[in-house]
Structures are given as C-alpha cells and as structure tokens.
Number of protein chains: 4
Amino acid sequence: MKNLTWKEENNSLKKTLVFKDFQSAFAWMTHAAFIMEKMNHHAKWTNTYNKVELVLNTHDAGNTITQKDWDLAAALDKI
Amino acid sequence: MKNLTWKEENNSLKKTLVFKDFQSAFAWMTHAAFIMEKMNHHAKWTNTYNKVELVLNTHDAGNTITQKDWDLAAALDKI
Amino acid sequence: MKNLTWKEENNSLKKTLVFKDFQSAFAWMTHAAFIMEKMNHHAKWTNTYNKVELVLNTHDAGNTITQKDWDLAAALDKI
Amino acid sequence: MKNLTWKEENNSLKKTLVFKDFQSAFAWMTHAAFIMEKMNHHAKWTNTYNKVELVLNTHDAGNTITQKDWDLAAALDKI
C-alpha cells in the first residue's frame, strides 16, 4: 500500500508534519510511539517545537524501504 | 466561564471522556498533562482502557470548585 | 509469580506509587502505558499530582485477579 | 552554569543519550518535554529506537548558544 503524502528519498520514506504548537506535536508523537512499539518498527524522527520530521527505512534490509515502512506510514496516517 | 459539558457534583467538576482505544486516550492525557502542568493545577483523573474520568477541585480552597477549575476545564475542552 | 509490594483487596491487585512531582509521575505512566498496551492488559489507574494508584483485575474473568494481573504487576515493578 | 557532559559544536550544545529500549527512551522524552515546555525553550531532538540526540541553541539569538541552552541542558541532566 502506498501513501502519496510520503516522499521517497535516499532509500527512505519521509514526511514532515507541522502542528499548532509543541504540546500538539508531542501528543501526536505519543500516539505514534505506541504504534511504532506495537509494530516493532521504529522511525528515525526529529522534533523541533511544532514540527516532526519522519524518516522510515528498514535497518534489517540494509536501510532500504520495505513493506514494513509502508505499513508504518499508513498506520501513522490514521492517527 | 462555564462549560456545560462538565457536571458539578460533590464540590467537584466532573467529566468522562470515551476514546476509540487506549492509545487515543493516553495521547489525549499527554496533551492534558502539559496543560495541567502549565496551569499548575492538576486534576484527579482515572483511566481505564479508552475511558478518562476527570475530577477537578481546588485543594487550597478546601477542595471546592474555584475559577481555577473552570479555567482548567475550559483549557482541556480546547484540546 | 507474586510480588509482595502489591496488596490484594476486593478481587484486585492494588499499589500506590508516590513520585517527586507530577512530571516524574506522568513520565512513569508513559512507560507503564507502553507495557499495558504491549501485554494488552490495562489497569484502572488514578493520578493526582505526584501519586499514581493502580488497580488491576481481569475483566474477562469477572473482575477477579488472574495470572495476567500478576504478570502486569511484575512488569510494572521492573520500570 | 556549564555541564561538561555536553559538547559545543556548530554553535550548538549536543548530547546523545542511549537507553535500554524504545520505551525507556520515550518515557525520558516525555519528562524532558515537560521541562522544555515549562522553560519555553525547545530542543531539536532526534530519536531512533533507544537513542536520543539533543541539539540546543537559541533561535532568537541567531541560533547560537545562550544561557537558556545551558539552563535547559542542566535541567535535562537532572531527570
């Protein structure tokens, strides 16, 4: 399953989310953290105030994009 | 400011929120936690799976409802 | 496995934790939330500022204490 | 106040923390998030599984290190 809001770049799926403020960003991150933990697939993600940048790839596949990344991307989009 | 979605009972403001699941409930709680901490006014709150029960009153005013409780209630309703 | 720091009362395992402040309490709760979600077994828990009261029982077993509750209690004690 | 566990690099204070697992890392981040929000000074921080990389500088001072960064660094070290 592909989600076109994500960009493929350097063997990774990338997306940047912008929230109203830090509180909203971190509350979203908490929800996302549950999903990553449940799928046992964790993003590299960077937060700066109201912004969250996600970089997904699969370490066990030589840091390339696999179905696990598309699945995580889709799950995060449902939050 | 009054918010009619809250109920006055036993000298407390009460509200029960029901979420889709535990993850959604706890993400909301994380956002609410920032607000309580910022206002330096903390609810007594109980979570059971997808449910969050809030009980607000002011300890320093003999556990009665004060403007601080209405303010917190209003702030939580904006999440 | 029994953990003697927990008390059996009204068909539930109970424990009250007291933290330095609200921030410490909620950070612990976040860790605990991951564990509950992973074990798919969720406590009834109440937070008031620096205090967290846990009540564990198993809904599917008529709200009695089962091995699932002892397992969750043990996992929470390892945080 | 200086904290020598932080490194000055590219006009920023930097530190990398390694935790036991993702749950521990994110619980720490939740505590850190409260502190950043209370000080109204937010790090750029990146999490990958059990690792948290912090980059602190002051946007309003042209992205250089100020006392606000040392204060935040000290507060985070107390968690």
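From a predicted model like this one, the values you see are computed outputs, not experimental measurements.

Colleague: When you look at the pairing of strand 3 (residues 44-48) of chain A in this model, what are you seeing that I'm missing?
Modeller: Each regular strand shows side chains that alternate between the opposite faces of the sheet. All names here are of chain A. Of the two faces of strand 3, only one is covered, namely that formed by Trp45 and Asn47; the face formed by Lys44, Thr46 and Thr48 stays uncovered. Sheet analysis places strand 3 next to strand 4 (residues 51-56), joined by 5 bridges and oriented antiparallel. Bridged to tryptophan 45 within strand 4 is leucine 54. What sits between strand 3 and strand 4 in their antiparallel hairpin is a turn of 2 residues, with tyrosine 49 showing a positive phi close to 50 degrees.

Colleague: How do you make sense of the relation of the copies chain A and chain D when you look at a structure like this?
Modeller: For the pair of chain copies, the relating transformation is a rotation about an axis with a translation along it. Expressed as a screw operation, the relation of chain A to chain D combines 0.0 Å of axial shift with a rotation of 180 degrees, fitting to an RMSD of 0.0 Å. Put plainly, the chains are arranged around a two-fold axis. Across chain A, the rotation axis passes nearest the C-alpha of A:Thr46, at a separation of 2.1 Å. Of the residues that chain A buries at the interface, 100% are likewise interface residues in chain D, meaning the two copies contact each other through the same surface.

Colleague: So what exactly am I meant to see when it comes to the interface of chain A and chain D here?
Modeller: Bring the parts together and some accessible area is lost; that lost area is often taken as the interface size. At the junction of the two partners, chain A supplies 12 residues and chain D supplies 12 residues. Class assignment for the residues of the side of chain A that touches chain D results in 5 nonpolar, 5 polar and 2 charged.

Colleague: In this structure, what is going on with unusual backbone geometry? I would like to understand it.
Modeller: Its identity as a non-glycine residue notwithstanding, A:Asn11 has a phi of 60 degrees, on the positive side. On the secondary structure map, A:Asn11 appears in the loop between strand 1 (7-9) and strand 2 (12-18).

Colleague: Could you clarify how one ought to interpret the environment of D:Phe22 in this entry?
Modeller: Residues and elements named next belong to chain D. Within the fold, phenylalanine 22 resides in helix 1 (residues 22-39). Take phenylalanine 22: there are 19 C-beta atoms within 10 Å of it, and that puts it in the partly exposed class. Sequence spacing of phenylalanine 22 and glutamate 53 is 31 residues, and the spatial spacing of their C-alpha atoms is 13 Å.

Colleague: I'm lost on the pairing of strand 3 (residues 44-48) of chain C in this one. Help?
Modeller: Relative to strand 3 of chain C, strand 3 (residues 44-48) of chain B runs antiparallel, the two being bridged by 5 bridges. The partner of B:Thr48 across the bridge, within strand 3 of chain C, is C:Lys44.

Colleague: Before we go on, may I ask you to explain the packing of helix 1 (residues 22-39) of chain A against helix 1 of chain D in this structure?
Modeller: If you want to describe how two helices pack, look at the angle between their axes and the distance between the axes. Helix 1 of chain D packs onto helix 1 of chain A with a crossing angle of 175 degrees between their chain directions and a minimal axis gap of 11 Å. With respect to each other, helix 1 of chain A and helix 1 of chain D are oriented roughly antiparallel. The residues of helix 1 of chain D that touch helix 1 of chain A, namely those facing A:Phe22, A:Gln23, A:Phe26, A:Ala33 and A:Glu37, are D:Phe22, D:Gln23, D:Phe26, D:Ala33 and D:Glu37. Of the residues belonging to the contact of helix 1 of chain A with helix 1 of chain D, the class tally is 6 nonpolar, 2 polar and 2 charged.

Colleague: Can you help me understand the environment of A:Glu9 in this one?
Modeller: Residue placement: A:Glu9 occurs in strand 1. Through-space distance from the C-alpha of A:Glu9 to that of A:Leu76 is 18 Å; in sequence the pair is 67 residues apart.

Colleague: Sorry, what's going on with the sheet that holds strand 1 (residues 7-9) of chain B here?
Modeller: The 8 strands are arranged 1(B)-2(B)-4(B)-3(B)-3(C)-4(C)-2(C)-1(C) in an open sheet whose pairing can be described as antiparallel. Because the sheet does not close on itself, it has two edges, and the strands there are strand 1 of chain B together with strand 1 (7-9) of chain C. Along the sheet, successive strands turn relative to each other by an average axial angle of 25 degrees, direction set aside. Where strand 1 of chain B meets strand 2 (residues 12-18) of chain B, 3 bridges bridge the pair, whose relative direction is antiparallel.

Colleague: I keep staring at the environment of C:Phe26 and nothing clicks. Help me out?
Modeller: With respect to the element layout, C:Phe26 can be found in helix 1 (residues 22-39). The sequence separation of C:Phe26 and C:Asp60 amounts to 34 residues, and the corresponding C-alpha distance is 28 Å. Residue contacts for C:Phe26: discarding those within four places in its chain leaves B:Ala33 and D:Thr30.

The rules we used
- Residues numbered from 1 in each chain as written.
- Chains lettered and ligands numbered in written order.
- Predicted model: local features only at pLDDT ≥ 70, side-chain atom pairs only at ≥ 80, totals over all residues.
- Buried ≥ 20, exposed ≤ 12 C-beta atoms within 10 Å, placed from the backbone.
- Helix = DSSP H or I, 4+ residues; strand = E, 2+ residues; numbered from the N terminus.
- Pairing = 2+ DSSP bridges.
- Least-squares fit on C-alpha atoms with pLDDT ≥ 70 in both.
- Contact = placed C-beta atoms within 7 Å.
- Nonpolar A, V, L, I, M, F, W, Y, C, P; charged D, E, K, R; others polar.
- Axes fitted to C-alpha atoms, helices over the stretch in contact; angles between N-to-C directions.
- Parallel < 35°, antiparallel > 145°, perpendicular 65-115°, else oblique.

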